Amino acid sequence: MLITKTFHDVPSKLDNGRPIRIFVLAPDVPNYPQAKFPGVVCFSEIYQVTGPVERFAGQIASHGYVVACPSSYHEFQGPEAIPYDTEGTDRGNQYKIEKDVAAYNEDATLSVDLLASLPNCNGRIAATGMCLGGHLAFRAAFDPRVLSSVCFFATDVHSATLGKGKNDDSLARVRKGDMTGKGELVMIFGKQDTHVPREGRDLIRTILEDAEVPCSFLEVQAQHAFIRDESSKGRWDAALTRSLFTFMMEVFERTVGRDFGPKVDMGGKVEHVC
């Protein structure tokens, strides 16, 4: 499908009304002005909405989804992308731990609210993101309106170090049951990712399974940022990215691309058969 790109400046209650810019990429179907599509919130890396993030979101939109990309650092700067160089990396990492977790939560809520309000969105919403955005997509799964979240190499989940004070409650909330009985979750990590070691991945998986969160946990032969097609520092794996993109779209198609009505637990058991 063809796609269009626009943006909305949405006031933030936690930042004295200073707006967050949310970029929106949406399908454009000629001669069907009333077409409606599911929505996806796409959370970016520490560099805000860069070219790679926009291209990733554009691919999702072209499959028939309205995609909202929030600018995560509106408290500190404008919506422009942060460069992938050393200064930009240091700046993005500093902003990451200067921003309150409550402000990250508000950004997600405002993004979902925006999608739900758009005339071309049918209100069925999923989330995805990479790096910092993977963690934010993980937290978006606490919102019952988010029916699935696909998280690429989510940082700081295992260490609980997101936000100001480096003391987030993501896994603590999972332990409390805040994610149980809600949407479907997919966690994707590279086994050579130095940002999330094996012990951290094992911790995340164990807590999710103990909380009975419906989660697919994928560990692949890749490093951090392997889906970034620009300035990846030698880590981009195009073939693997394509494969996992297809996996993600199957999840979205099944969870938000179709309306199955309310979920009803019929009490069925899986048979042990060969």
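Further up the page is the structure itself.
Now for a quick tour of the structure. (Residues numbered from 1 in each chain as written. Predicted model: local features only at pLDDT ≥ 70, side-chain atom pairs only at ≥ 80, totals over all residues. Heavy atoms only, no water.)

1. With respect to the overall build of the protein
Assigned secondary structure in the protein consists of seven helices and eight strands. Taken against the 2.2 N^0.38 rule, which gives 19 Å for 274 residues, the C-alpha radius of gyration of the protein at 18 Å falls within 12% of a compact globule. Taken over the C-alpha atoms alone, the protein extends approximately 55 × 50 × 40 Å along its principal axes. Taking all 274 residues of the protein together, 52% fall into the buried category. Long-range contacts, defined as pairs at least 24 residues apart, comprise 71% of the intrachain contacts of the protein with a sequence gap of at least 6. (Helix = DSSP H or I, 4+ residues; strand = E, 2+ residues; numbered from the N terminus. Rg over C-alpha atoms; globule rule 2.2 N^0.38 Å. Buried < 20%, exposed > 50% of the residue type's maximum accessible area, 1.4 Å probe, protein only. Contact = heavy atoms within 4.5 Å.)

2. Section: the layout of surface pockets
If you add up the space inside the largest pocket, you get close to 590 Å³. Together, 17 residues line the largest pocket, and Leu-147, Lys-182, Gly-183, Glu-184 and Lys-263 are the ones closest to its centre. Every element with two or more residues in the lining of the largest pocket is listed here: strand 6 (146–152) and helix 7 (238–255). Grouping the constituent residues of the lining of the largest pocket by class yields six nonpolar, four polar and seven charged. (1 Å grid on protein atoms, 1.4 Å probe; cavity = no way out; pocket = protein on both sides within 12 Å on 5 of 7 lines; lining within 4 Å. Points joined across faces, edges and corners; volume = space filled by probe spheres on them. Nonpolar A, V, L, I, M, F, W, Y, C, P; charged D, E, K, R; others polar.)

3. Describing the environment of Ile-227
As for its position among the elements, Ile-227 is in the loop between strand 8 (215–220) and helix 7. Using a relative accessible area of 11% as the deciding quantity, one classes Ile-227 as buried. It is 13 Å that separates the C-alpha atoms of Ile-227 and Thr-128, two residues lying 99 residues apart in sequence. When sequence neighbours within four positions are dropped, the list of residues in contact with Ile-227 reads Phe-56, Met-130, Phe-152, Phe-153, Trp-236 and Thr-241.

4. Focus on empty space enclosed by the protein
For the structure on display, the rule yields one cavity of 30 Å³ or more. As for the largest cavity, its lining consists of Glu-45, Pro-52, Val-53, Phe-56, Met-130, Ile-227 and Arg-228. Ranked by residues supplied to the lining of the largest cavity, first place goes to helix 1 (residues 51–62) with three residues. Here the residues of the lining of the largest cavity sort into five nonpolar, no polar and two charged.

5. A few points about the nonpolar core
With 51 residues, the main nonpolar core has Phe-138, Val-174, Met-179, Leu-185, Met-187 and Leu-208 as its most contacted residues. Apart from the residues within four sequence positions on either side, Met-187 is in contact with Phe-138, Cys-151, Ala-154, Ile-204, Leu-208, Cys-215, Ser-216, Phe-217 and Leu-218. (Core = buried A, V, L, I, M, F, W, Y, C linked by side-chain atoms within 4.5 Å.)

6. Some thoughts on the pattern of salt bridges
For the coordinates displayed, the defined rule picks out 21 salt bridges. With its nearest N and O atoms 2.8 Å apart, the salt bridge here joins Glu-54 to Lys-5. Placement of the pair is Glu-54 in helix 1 and Lys-5 in strand 1 (residues 2–10), with a sequence separation of 49 residues. The exposure class assigned to Lys-5 is partly exposed, which follows from its relative accessible area of 47%. Ionic pairing is found between Asp-202 and Arg-198, a salt bridge with its closest N-O pair at 3.7 Å. Placement of the pair is Asp-202 and Arg-198 together in helix 6 (residues 198–210), with a separation of four residues, close to one helical turn. With relative accessibility at 25%, the residue Asp-202 sits in the partly exposed group. (Salt bridge = Lys/Arg side-chain N within 4 Å of Asp/Glu carboxyl O.)

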